[in-house]
Amino acid sequence: MVEAGTPAPDFTLDTDSGETVTLSTLRGKPVVLYFYPKDDTPGCTRQACGIRDAYADFKKAGAIVFGVSPDGADSHGKFKSKYEIPFTLLADTEHKVAEAYGAWGEKKNYGKTYFGILRTTFLIGPDGNVAKVFKSVKPDTHAEKVLAALAELT
């Protein structure tokens, strides 16, 4: 897994609107990159809505927020519209970015073992280095914890 103090792996991914985003072009601003398993599921919806509800504070801190999951751009667009999500969702359909960050791994649910997104958030500083890593994120407290770390960064 990518650790705090190391350069954030660069990537280019499709957005919910069909455009592309390249991380390295965003230097100079803090970036919140959060990996979540699936659009429109209970935990992922709570997590996205928590950020949505605090989005003015993220903007005030100058942060750019991206949610990343293996869902495609169409799924992201529907999810974003349904819950009025004001930030960009990125489609990592082949989970290459999740793997590069260490947010893809073995999971267990109801006795079944499989690979998927490990709910993880990376706060990337304006210099392009990872400032903080949040592992095993709890959807209900995610936004406030990231905002607290963002306040320390800015």
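So, how was this worked out
- Residues numbered from 1 in each chain as written.
- Predicted model: local features only at pLDDT ≥ 70, side-chain atom pairs only at ≥ 80, totals over all residues.
- Heavy atoms only, no water.
- Pairing = 2+ DSSP bridges.
- Helix = DSSP H or I, 4+ residues; strand = E, 2+ residues; numbered from the N terminus.
- Axes fitted to C-alpha atoms, helices over the stretch in contact; angles between N-to-C directions.
- Contact = heavy atoms within 4.5 Å.
- Phe/Tyr/Trp six-rings, centres within 6.5 Å; stacked < 30°, edge-to-face > 60°.
- Buried < 20%, exposed > 50% of the residue type's maximum accessible area, 1.4 Å probe, protein only.
- Salt bridge = Lys/Arg side-chain N within 4 Å of Asp/Glu carboxyl O.
- Lys, Arg positive; Asp, Glu negative; His and termini not counted.

Asks: How would you sum up the sheet that holds strand E9 (residues 130-134)? Please name residues and give values.
Replies: Ordered in space as E2-E1-E5-E4-E3-E8-E9, the seven strands form an open sheet in which the pairing is mixed. Each edge of the open sheet is held by one strand with a lone partner, namely strand E2 (20-22) and E9. The average angle at which neighbouring strand axes cross in this sheet is 30°, direction not considered. Here strand E8 (residues 120-124) pairs with E9 via four bridges, running antiparallel. Following the sheet pairing, Leu-123 is matched in E9 by Lys-132. Together, strand E1 (12-15), strand E4 (64-69) and strand E5 (88-91) form the strand contacts of helix H3 (residues 73-83), whose direction differs from that of E5 by roughly 155°.

Asks: Outline the packing of aromatic side chains, supporting the account with residue identities and numerical values.
Replies: What characterises a pair of aromatic rings is the spacing of the ring centres plus the angle enclosed by the ring planes. Overall, the coordinates contain nine aromatic pairs when judged by the stated rule. Ring geometry for Tyr-34 against Tyr-36: centres 5.5 Å apart, planes inclined by 35°, an arrangement best described as tilted. The two residues Tyr-34 and Tyr-36 agree in class, both being buried. Among the aromatic residues, those joined into a ring-pair cluster are Tyr-34, Tyr-36, Tyr-55, Phe-79, Tyr-83 and Phe-87.

Asks: Tell me about the pattern of salt bridges, and name the residues and values.
Replies: Inspection of the entire model under this criterion finds seven salt bridges. Of the charged contacts in the structure, one is a salt bridge between Lys-80 and Asp-16, with a shortest N-O distance of 3.2 Å. With Lys-80 in helix H3 and Asp-16 in the loop between E1 and E2, this residue pair connects regions lying 64 residues apart in the sequence. Of the charged contacts in the structure, one is a salt bridge between Arg-52 and Asp-53, with a shortest N-O distance of 2.8 Å. A residue is classified by how much of its surface remains accessible, and Arg-52, at 27% relative accessible area, is partly exposed. Given the relative accessible area of 59%, Asp-53 is considered exposed.

Asks: How would you summarise the side chain of Asp-92 if you had to cite specific residues and measurements?
Replies: Structurally, Asp-92 can be placed in the loop between E5 and helix H4 (96-101). The charged side chain of Asp-92 is buried without a salt bridge, its nearest counter-charge being Lys-96 at 8.2 Å. Each residue touching Asp-92, except ones within four places of it in the same chain, is listed here: Leu-13, Phe-35, Val-68, Ser-69, Pro-70, Asp-71, Val-97 and Ala-98.

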